[in-house]
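Residue-level structural notes
This is what each chain is made of:
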Amino acid sequence: MSRGEKPKGRNTGRSISASGGRRRKSVLVRGGGRPQSSIRWLQRQLNDPYVLAAKENGYRSRAAFKLIELDDKFKIFASGNTVVDLGAAPGGWSQIASQKVGRRGNVIGVDTQFIDPIGSVTFLQLDVSDAKTIDKIMDIQKRPADVVLSDMAARSTGHASTDHLRVITLAEAAAEIATQILAPGGIFVTKVFKGGTESSLLHELKSQFDRVKHAKPPSSRSGSAEEYVVAKGFRQPRH
Ligand SMILES: C[S@@+](CC[C@H](N)C(=O)[O-])C[C@H]1O[C@@H](n2cnc3c(N)ncnc32)[C@H](O)[C@@H]1O
């Protein structure tokens, strides 16, 4: 869905109810030789109201609702903003950011994976851990960013503490980029995992932003350790 396009369904960018109403539960009758874990994953997808609502609204990911809910709570976007979306594939967050900033705004999405084009969003297929990535973002940024988003996550290893560490490493890389490209007063949103390892990141953010809050949007699965940190009021370091 491109900028200016209206969502196909009834939802126009606000939170949805996850109750699922009176929908009948889908059950996979035959596994077709699939392993149990992928059958469980498919069953969860088929019965997830956010997956269905994302499809109905033309959003590329159910994660789009997490950003809608974070924006409802923290008022992240304003019309005309410049937004950098790190870990943007398949593009759900970039779709929402693009709608929120409107025609005068500017959205840049970055991911190691290729992303199918979305309206006026500029995509860079880059790895945030590559030192040259920040220069490439700055090259195409017309002005300092108002908002830097990171929903980055590495593929799960199934080992909780390893996964936590990898998400925090990505969040730290995102914070490093954010503090170099944000305008004073800017906003940084990043995915973290509950588990304590993020305390040094939090300490850093608290020294660079006026307000730092944690949030678990309703659409974030309750069984997941995932949550988000929203840091507002970036204070540019004195040189
Ligand atoms: C949960 S998905 C993001 C979903 C996205 N917010 C959306 O709404 O469509 C996490 C993304 O982080 C990306 N990612 C992981 N490590 C990265 C890295 N080092 N540099 C850039 N992107 C990365 C993955 O490729 C993946 O597409």
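Preceding this paragraph is the structure being described.
Residues numbered from 1 in each chain as written. Predicted model: local features only at pLDDT ≥ 70, side-chain atom pairs only at ≥ 80, totals over all residues.

**Quick notes on the overall build of the chain**
Each helix and strand in the chain was counted, giving seven helices and seven strands. The order of α-helices and β-strands along the chain, N terminus first, is α-α-α-β-α-β-β-α-β-α-β-α-β-β. Among the 239 residues that make up the chain, the fraction classed as buried is 37%. Summarising the internal contacts of the chain: among those between residues at least 6 apart in sequence, 66% fall at separations of at least 24. (Helix = DSSP H or I, 4+ residues; strand = E, 2+ residues; numbered from the N terminus. Buried ≥ 20, exposed ≤ 12 C-beta atoms within 10 Å, placed from the backbone. Contact = placed C-beta atoms within 7 Å.)

**Focus: the sheet that holds strand E3 (residues 122-125)**
Reading across the sheet, the seven strands line up as E3-E2-E1-E4-E5-E7-E6 and stay open at both edges, with mixed pairing between neighbours. Edge positions in the sheet fall to E3 and strand E6 (209-215), since each of these pairs with one other strand and no more. Across this sheet, the average inter-strand angle for adjacent strands is 15 degrees, counted without regard to direction. As judged from the four bridges shared by strand E1 (residues 82-86) and strand E4 (residues 145-150), these two strands associate in the parallel manner. (Pairing = 2+ DSSP bridges. Axes fitted to C-alpha atoms, helices over the stretch in contact; angles between N-to-C directions.)

**Examining the pairing of E4**
Burial of E4 is extensive: six of the six residues sit out of reach of the surface. In this view, the connection linking E4 to its parallel neighbour strand E5 (residues 182-193) by way of helix H6 (residues 160-181) has right-handed handedness. (Right-handed = clockwise from strand over helix to strand, strands pointing away.)

**Here we look at the pairing of E1**
Of all five residues making up E1, five are buried, and the element is well covered by its neighbours. Side chains Thr82, Val84 and Leu86 project from E1 onto one buried face, and the interleaved Val83 and Asp85 project onto a second face that is buried too. For E1 and strand E2 (residues 106-111), the ladder comprises five bridges, and the chain directions are parallel. Bridged to Val83 within E2 is Val107. Chirality of the crossover, the property in question, places the unit of E1, helix H4 (residues 92-101) and E2 among those that are right-handed.

**A word on the site of the ligand**
In the vicinity of the ligand there are 23 residues, among which Ala63, Gly87, Ala89, Gly92 and Asp151 approach most closely. Residues of the shell around the ligand, tallied by class, amount to 12 nonpolar, seven polar and four charged. (Near = placed C-beta within 6 Å. Nonpolar A, V, L, I, M, F, W, Y, C, P; charged D, E, K, R; others polar.)

**Some details on the nonpolar core**
The biggest cluster of nonpolar side chains holds 55 residues, and the ones touching the most others in it are Ala64, Leu86, Val148, Ala174 and Phe188. Dropping the residues within four chain positions of it, Ala64 is found in contact with Ala54, Tyr59, Gly92, Trp93, Gln95 and Ile96. (Core = buried A, V, L, I, M, F, W, Y, C linked by C-beta atoms within 7 Å.)

**Details of the packing of H6 against helix H7 (residues 199-208)**
The geometry of H6 relative to H7 is characterised by a closest axis approach of 11 Å and an angle of 20 degrees between their N-to-C directions. By the angle between their directions, the pair H6 and H7 is classed as roughly parallel. In this structure, H6 meets H7 at a crossing whose hand is left-handed. Across the interface between the two elements, Ile168, Ala171, Glu172, Ala175 and Thr179 from H6 touch Leu201, Glu204, Leu205 and Gln208 from H7. (Parallel < 35°, antiparallel > 145°, perpendicular 65-115°, else oblique. Left-handed = near helix turned anticlockwise from the far one by under 90°.)

**Considerations on unusual backbone geometry**
In this chain, Ala89 is followed by Pro90 through a cis amide linkage whose omega measures 5 degrees. Mapped onto the secondary structure, Pro90 falls in the loop between E1 and H4. Not every positive phi belongs to a glycine, and Lys75 is a case in point at roughly 50 degrees. Along the chain, the position of Lys75 falls in the loop between helix H3 (64-74) and E1. A tally of 10 C-beta atoms within 10 Å means that Lys75 is categorised as exposed.

**Considerations on H6**
For H6, which comprises 22 residues, the first-to-last C-alpha distance of 32 Å matches the rise-based estimate of 32 Å (1.5 Å per residue) to within 8%. Along H6, the residues that are buried comprise Val167, Ile168, Leu170, Ala171, Ala173, Ala174, Ala175, Ile177, Ala178 and Thr179. Turning to H6, the residues buried within the fold contact E1, helix H5 (133-140), E4, E5 and H7. (Expected span 1.5 Å × (residues − 1).)

**Details of helix H2 (residues 49-57)**
Of the residues making up H2, those classed as buried are Tyr50, Ala53, Ala54 and Asn57. Looking down the long axis of H2, one finds its buried residues gathered within 105 degrees of arc, a one-sided arrangement. Contact partners of the buried residues in H2: H3 and H4. Directly after H2, the chain includes Gly58, whose backbone phi takes a positive value near 75 degrees. (Arc of directions from axis to C-beta.)

**Some words on the environment of Ser120**
Along the chain, Ser120 turns up in the loop between E2 and E3. The spacing of Ser120 and Val107 is 13 residues in sequence and 7.6 Å in space, taken between C-alpha atoms.

Everything listed is a geometric property; what it means functionally is a separate question.
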